[in-house]
Amino acid sequence: MPTSITELSDGPETLPNARDLTASRGSLRWRRAALALLAVIVLAGATGLLGVRSTTTTASAHGYTASFTHAAVARAGWDVPWRLRIRHPGGFDGPVTVAVTGRSFDIFETQRFWPEPSAETRGGEFVYLTFDPPPGDTLLIDYDAYVQPSAQVGRRTTITVIVDRVSQVSLHASTVLLP
């Protein structure tokens, strides 16, 4: 006749010992923390906190004001704002050239500029877009674009407004891409 509980069992123990319970509690805490983190990420995405964040950068010099609205934070495949507003009291007497860091366009797929440039060229680091003078004192340029699905790294952009072959005002911006 058996004299202890351990003698009654022929197979492996079916009850966890105290050490297993401690490890199990630690594992449970990690699972709960991971689920909480996942819930925070899903909630942030559902409320739009992980979506496109746009900002406007403005600079003024020599009587010209340039305001650039762009995506500060974006994701691949998403539409993004790209709008440049150039203001000069008294209007523009001739064409306005906008020099944009050429590499900044690498992350975008595009339909077109509105209005279309009357001339465009690339020289080294910059793309030069020349626009006919608009009526009034404001030139508004929209770029219909979305971030390429394959884009992984954001870009820094420099934009310079050139009138009569003289740089009038420059501004700098950057876009960060999230996975």
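None of these values were measured; they are calculated from a predicted model.

Criteria and thresholds
Residues numbered from 1 in each chain as written. Predicted model: local features only at pLDDT ≥ 70, side-chain atom pairs only at ≥ 80, totals over all residues. Heavy atoms only, no water. Helix = DSSP H or I, 4+ residues; strand = E, 2+ residues; numbered from the N terminus. Buried < 20%, exposed > 50% of the residue type's maximum accessible area, 1.4 Å probe, protein only. Phe/Tyr/Trp six-rings, centres within 6.5 Å; stacked < 30°, edge-to-face > 60°. Lys NZ or Arg CZ within 6 Å of the ring centre and 35° of its normal.

A word on unusual backbone geometry
Note: most peptide bonds trans; most residues except glycine with negative phi. Residue Pro 115 follows Trp 114 across a cis peptide bond; omega there is -5°. Here Pro 115 shows up in the loop between strand S6 (108–114) and strand S7 (119–123). One non-glycine residue, His 62, lies in positive phi territory at about 55°. Among the structural elements, His 62 can be located in the loop between strand S1 (53–61) and strand S2 (64–75). The class of His 62 is exposed, set by a relative accessible area of 62%. You will see that Arg 165, though not glycine, has its phi angle at about 65°, which is positive. Along the chain, Arg 165 falls in the loop between strand S10 (155–163) and strand S11 (166–178). The exposure class of Arg 165 is exposed, given its relative accessible area of 83%.

Concerning the packing of aromatic side chains
Counted under the stated rule, the structure contains 10 aromatic pairs. Summarising the aromatic geometry, the rings of Phe 105 and Phe 113 are spaced 6.1 Å apart at their centres and angled 85° between planes, so their arrangement reads as edge-to-face. Just as Phe 105 is buried, Phe 113 falls in that class too. An aromatic cluster of at least three residues, connected via ring pairs, comprises Phe 68, Trp 82, Phe 105, Phe 108, Phe 113 and Tyr 143. The residue whose ring lies beneath Arg 75 is Trp 78, and the NZ or CZ to ring-centre distance is 5.9 Å.

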